Amino acid sequence: MRMDKFMRLLLISTASISILIVALIFLFLGKEAFPFALEPGLGKLFDSRWVPVSFQEERYGIYPLVAGSSLVTLLAMLISIPLSIIGAIYISEVAQSIEREILKPFIEILASIPSVVLGFFGLVVLAPLVKNIFGLSSGLNALTAALLLALMALPTIITISEDALASVPQSFKQASLALGASELQTIFKVTVPAALPGIIAAIMLGIGRVIGETMAVLMVSGNSAIISFYPLDSIRTMTATIAAEMGEVPFGSHHYQALFWIGIVLLFATFVLNILSRLVLKKYGMAQ
Amino acid sequence: MNVHLTQKISYHLLRVITYAIVISVGYILFDIIRHGLPVISWDFLTGFPRRSGSEGGILPAILGTIYLTLVTIAVALPLGVGCAIYLSEYAEQNRFSELVRLAIITLAGVPSIVYGLFGLGLFVIFCRFGASILAGSLTLACMVLPIIIVASEEALRAVPRGFREASLALGATKWQTIRTNVLPYSISGMITGSILAIGRAAGETAPILLTVAAFFLPKLPGSIFDQVMALPYHLYILATQHPETEKVLPLQYGTALVLLLLVLGMNIGAVIVRIHFRKKYKW
């Protein structure tokens, strides 16, 4: 019995470690970032120029980086959402069962390709393609990054939407068919609307994945910290800024602290998206 | 228009788009295999890089990745499995278990570069491990923890209630029951989870960027407090930071293929383990 009590305690403490890690993530991001709030002050972050290394005045405005992340995320979602919903509908409602068994794992392969490999593919194949199609001097821009990100969001959105579609009760579809609706009408007027909360949650998780993606965007977005909403401009995202600059900043400098603030913004953005989507899935009984 | 015709056309459209996605995935794999395969040779896999990576092999990067993933799993597996046993066997519906679940969901969603910042702040600086295998592996371990927990918990829950009840009815204690009647039948989930975690840890670049990776190290690490080269970071450097990126393109393809095979191999391995055990235990 003593062994039993011991194991119970041990297991409870291992379970607490996941809570501890989350707390430590918030704590240590905050710890490294905090001094910036005292000197030079948080107001410095709300600025339209990111010039962290300068002979005159350093500027730590995160607007261009937020704009960069927003632009690629928006573009990626415009490409990814229709494609993945169509893919999910086809796999769940139209495909034969053997076809489904082949298609699903194939699309999941995409989720396991390391982002640096996709970034490399983007760099050597996709960027030259974009460059030639639009007659640009460089193919490293928001559009190329968005195409890669769209590809990375596909498996997330397809898998979760497919689960949502599959969890729509058979009786809904049968009722619709019995009333004389065609299969196609049933899919778009009954099944998809019934699965909509799950599809929305899938999209939110996809957005979370895209905002947090680092290596692929770092390699193909061109990395100019400018505010632009033109897809063929080179842009710089929050994630790429941290990855590119953290290696060279002096420890404890304002620049270093500003990069941790960017990390905090990212952490909160993905945290909120993640929690919201899980709440939706849970509320509608579509949790995996 | 005829309803049947509309339906037929629509289905075709859906099929074309779905297969377009599949073909683009296939093309990525095809392109990397086609250009990468000719580069891979015994010398490439077992040689040291020369002239700061412009020539030679990638042995230190391969070994570095292996060391990192092994230490990562050594840390994450016991914690993940312990947490999964707690959630599946002990947890009641209370605040604590809800908080644990919330924490796992949160960990699964934290962007990899934020893990990098966290590892830098906690392990590299605060714990004074410096940029080292230890700091990098601990960072990766935090990242893969949810993968192991989810896979293990699923396997534990798949063991029928009757197994536990029979053992408890015979007078075994709760832990004896778990150890002898539950764990042996859920090993598959733990193996699956660990393999998936290794695949993820091996492929990630952003967390190790700030906590361990070295661009060019002509020697192998002596202890877990040393820096190492790693495959994903090596690919990133060759593709973007190298002075002659065009010239080393074959080496980039070779590195990408080795990394891809390693990660996909892990994922396929996980699927095989899952199928094997599913066949072995049927209840």
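Residues numbered from 1 in each chain as written. Chains lettered and ligands numbered in written order. Predicted model: local features only at pLDDT ≥ 70, side-chain atom pairs only at ≥ 80, totals over all residues. Heavy atoms only, no water.

Q: Could you clarify how one ought to interpret the overall build of chain A in this entry?
A: Each helix and strand in chain A was counted, giving 11 helices and two strands. Secondary structure elements of chain A, listed N to C terminal, follow the sequence α-α-β-β-α-α-α-α-α-α-α-α-α. For the C-alpha atoms alone, the extent of chain A along its principal axes is close to 75 × 75 × 30 Å. Of all 288 residues assigned to chain A, the portion counted as buried reaches 53%. Within chain A, counting contacts between residues at least 6 apart in sequence, those at least 24 apart form 70% of the total. (Helix = DSSP H or I, 4+ residues; strand = E, 2+ residues; numbered from the N terminus. Buried < 20%, exposed > 50% of the residue type's maximum accessible area, 1.4 Å probe, protein only. Contact = heavy atoms within 4.5 Å.)

Q: Help me understand the domain arrangement of chain B, please; the structure alone is not making it clear to me.
A: Accessible area lost upon the coming together of the parts serves often as the stated size of an interface. Residue and element names in this part refer to chain B. Taken domain by domain, chain B holds domain 1 (3-38) and domain 2 (40-280). Computed over C-alpha atoms only, the centres of domain 1 and domain 2 are separated by 31 Å. Listed as interface residues are eight residues of domain 1 and, on the opposing side, seven residues of domain 2. The contact between domain 1 and domain 2 buries some 660 Å² in all, and 74% of this surface belongs to carbon and sulfur atoms. Counting every contact that joins domain 1 to domain 2 gives zero salt bridges. Connecting domain 1 to domain 2 are three residue pairs in polar contact (both at pLDDT 80 or more). (Domains from an automatic or database assignment. Buried area = accessible area lost by both parts, 1.4 Å probe. Salt bridge = Lys/Arg side-chain N within 4 Å of Asp/Glu carboxyl O. Polar contact = N/O pair within 3.5 Å; in protein donor to acceptor, adjacent residues only side chain to side chain.)

Q: Is there a simple way to explain the pattern of salt bridges in this structure?
A: Close approach of charged atoms allows side chains of opposite charge to pair. Residue and element names in this part refer to chain B. In total, this model carries 14 salt bridges over all chains according to the counting rule given. For the salt bridge of Glu165 with Arg161, the shortest nitrogen-to-oxygen distance reads 3.3 Å. Taken as a pair, Glu165 and Arg161 lie in helix α7 (residues 161-169) at a separation of four residues, close to a single helical turn. Its relative accessible area of 44% is what places Glu165 among the partly exposed residues. For Arg161, a relative accessible area of 62% puts it in the exposed group. Through salt bridges with shared partners, one network takes in Arg101, Glu153 and Arg157.

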